[in-house]
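Understanding the architecture of this molecule
Here is what each chain is made of, one letter per residue.
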Amino acid sequence: MSLHVLPAGIVSAAYSAGFTVPLLMNFEDGGATTFTNSGSGGDISQDGSGITNSTDQKKFGAKSGKFVATNGNRLVVDNSGGEMEATDSLDWCLEFFVFFNTINTADTHNTPDNQYMFMAQGLIRLRNTNEVGVTQQGFQIPGHSSTDMPGLSAVSQQTWHHFAIANETGVGNRFYIDGSLIDTGSSASIINSSGDLYIGNWRDGSGPYGFNGYFDSIRLTAGSSRYSGSSITVPTSALTDDS
């Protein structure tokens, strides 16, 4: 595989031509509740009313996406055209910048901190809850253990972090936080049907599962895992479609 140099100065042997970017969000829309997908995939709508383009926090530009952990609040990326289904059979990479308002490390059955970040066929969530069978609280990632979960010690509340999940079909899945390889897992799908992608809450929007914090610069790539190795260079500017 040929070496390709990324616009933000990232070099990865896992990155090659022939990819698409079905999802790209930078939360810089003029309207407080207008959300644009600058990628090749479908439109973005909101269920509920607690998500806004906000100046309260920002990683890049003037705004970021503010998410309030209330039942029913979520963004829905329309996949009726099937643009995101390519991640089922191709390499893929989901990366984003995230700011947790709170991380409940003193968790009990009565106060779960189940913050759903992304959900479709696969899901990405902070599963900091003492559920039966959970041996290590952390982040549930496609292709990784759902009971012995990695990454909790690598994040802090009230600060920005870069997450990247890099999946090579038939090879494996790598989970990075702030440039460091946190865990490796099995090759997995994040979307493998025409179902939509949900951001910020559980698929049906019910339960105490909403994400509490901010997202900035979300990108889903189909056809490239983008990153490999034990460490990566964290992008220093807003993510693009590399066109």
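Everything discussed here concerns the structure shown above.
The structure presented is a predicted model; accordingly, all values stated were derived computationally and were not measured.

Helix and strand counts for the protein come out as 0 helices and 16 strands. In the protein, which comprises 243 residues, the share counted as buried stands at 51%. Here the analysis covers contacts within the protein between residues at least 6 apart in sequence; of these, 64% occur between residues at least 24 apart. Carbon and sulfur atoms provide 45% of the accessible area of the protein, an area that totals close to 9,500 Å².

Next up on the list: the nonpolar core. Core analysis: the biggest nonpolar cluster contains 37 residues, and Met117 and Phe215 have the highest contact counts within it. By residue number, the principal contributor to this core is strand β8 (residues 92-100), which donates 5 residues. Counting residues in each nonpolar core, the second largest holds 6 residues, with Cys93, Ala164, Ala166 and Ile232 among its members.

Let us look at the side chain of Arg125. Within the element layout of this structure, Arg125 appears in strand β10 (residues 123-128). Residue classification places Arg125 among the buried positions, given a relative accessible area of 7%. Side chain to side chain, Arg125 and Tyr116 meet in a polar contact 3.2 Å long. Reaching out from Arg125, the side chain makes a polar contact with the side chain of Gln140 at a distance of 2.7 Å.

Here a ring pair, both rings aromatic, is described through the centre-centre distance and the interplanar angle of the planes. Summed over all chains, the structure comprises 19 aromatic pairs. Taking 5.3 Å as the distance between ring centres and 50° as the angle between the ring planes, the aromatic pair formed by Phe118 and Phe215 counts as tilted. Of this pair, Phe118 sits in strand β9 (residues 113-119) while Phe215 sits in strand β16 (residues 213-222); the two residues are 97 residues apart in sequence, bridging distant segments of the chain. With a relative accessible area of 0%, Phe215 lands in the buried category. With centroids separated by 6.3 Å and ring planes inclined at 70°, the aromatic side chains of Phe139 and Phe175 adopt a geometry described as edge-to-face. One end of the pair, Phe139, is in strand β11 (residues 138-140); the other, Phe175, is in strand β13 (residues 172-177), with 36 residues separating them in the sequence. An identical accessibility class is assigned to Phe139 and Phe175; each is buried. Each residue in the set Phe67, Phe96, Phe100, Phe118, Phe139, Phe163, Phe175, Phe211 and Phe215 is aromatic and connected to the rest through ring pairs, giving one cluster. In this structure, Arg226 is placed above the aromatic ring of Phe19, and the distance from its NZ or CZ to the ring centre is 5.3 Å.

Attention now moves to the pairing of β13. Among the 6 residues in β13, 6 count as buried, and that is most of the element. Burial along β13 is two-sided: the face carrying Gly172, Arg174 and Tyr176 and the face carrying Asn173, Phe175 and Ile177 are both buried. Alignment of strand β12 (residues 160-168) against β13, held across 6 bridges, turns out to be antiparallel. Across the sheet, residue Ala166 finds its bridge partner in β13, namely Arg174. Relative to strand β14 (residues 180-185), β13 runs antiparallel, the two sharing 5 bridges. The residue bridging Arg174 from the neighbouring strand is Thr184, located in β14. Counting the residues that bridge the hairpin from β13 to β14 gives 2 residues, and of these Asp178 lies at a positive phi of roughly 50°.

Moving on: the pattern of salt bridges. A full pass over the atoms with the stated rule returns 6 salt bridges. Taking the shortest distance from any N to any O, the salt bridge between Asp56 and Lys66 comes out at 2.9 Å. Note that Asp56 is positioned in the loop between β5 (51-54) and β6 (64-67) and Lys66 in strand β6, a separation of 10 residues in sequence. Between Asp242 and Arg219 there is a salt bridge, and its shortest N-O distance comes to 3.6 Å. Taken together, the residues Asp242 in the segment after β16 and Arg219 in strand β16 connect sequence positions 23 residues apart. Of the two residues examined, Asp242 and Arg219, each falls in the buried class.

Another point: unusual backbone geometry. Glycine aside, negative phi is the norm for most residues, and most peptide bonds take the trans geometry. For Ser217, which is not glycine, the phi dihedral falls at a positive 50°. Positionally, Ser217 belongs in strand β16. Even without glycine at this site, Arg226 takes up a positive phi of about 65°. On the basis of relative accessible area, Arg226 is assigned to the buried category, the value being 0%.

Calculation rules
Residues numbered from 1 in each chain as written. Predicted model: local features only at pLDDT ≥ 70, side-chain atom pairs only at ≥ 80, totals over all residues. Heavy atoms only, no water. Helix = DSSP H or I, 4+ residues; strand = E, 2+ residues; numbered from the N terminus. Buried < 20%, exposed > 50% of the residue type's maximum accessible area, 1.4 Å probe, protein only. Contact = heavy atoms within 4.5 Å. Areas by Shrake-Rupley, 256 points an atom, 1.4 Å probe, with all protein chains shown as cover. Core = buried A, V, L, I, M, F, W, Y, C linked by side-chain atoms within 4.5 Å. Polar contact = N/O pair within 3.5 Å; in protein donor to acceptor, adjacent residues only side chain to side chain. Phe/Tyr/Trp six-rings, centres within 6.5 Å; stacked < 30°, edge-to-face > 60°. Lys NZ or Arg CZ within 6 Å of the ring centre and 35° of its normal. Pairing = 2+ DSSP bridges. Salt bridge = Lys/Arg side-chain N within 4 Å of Asp/Glu carboxyl O.

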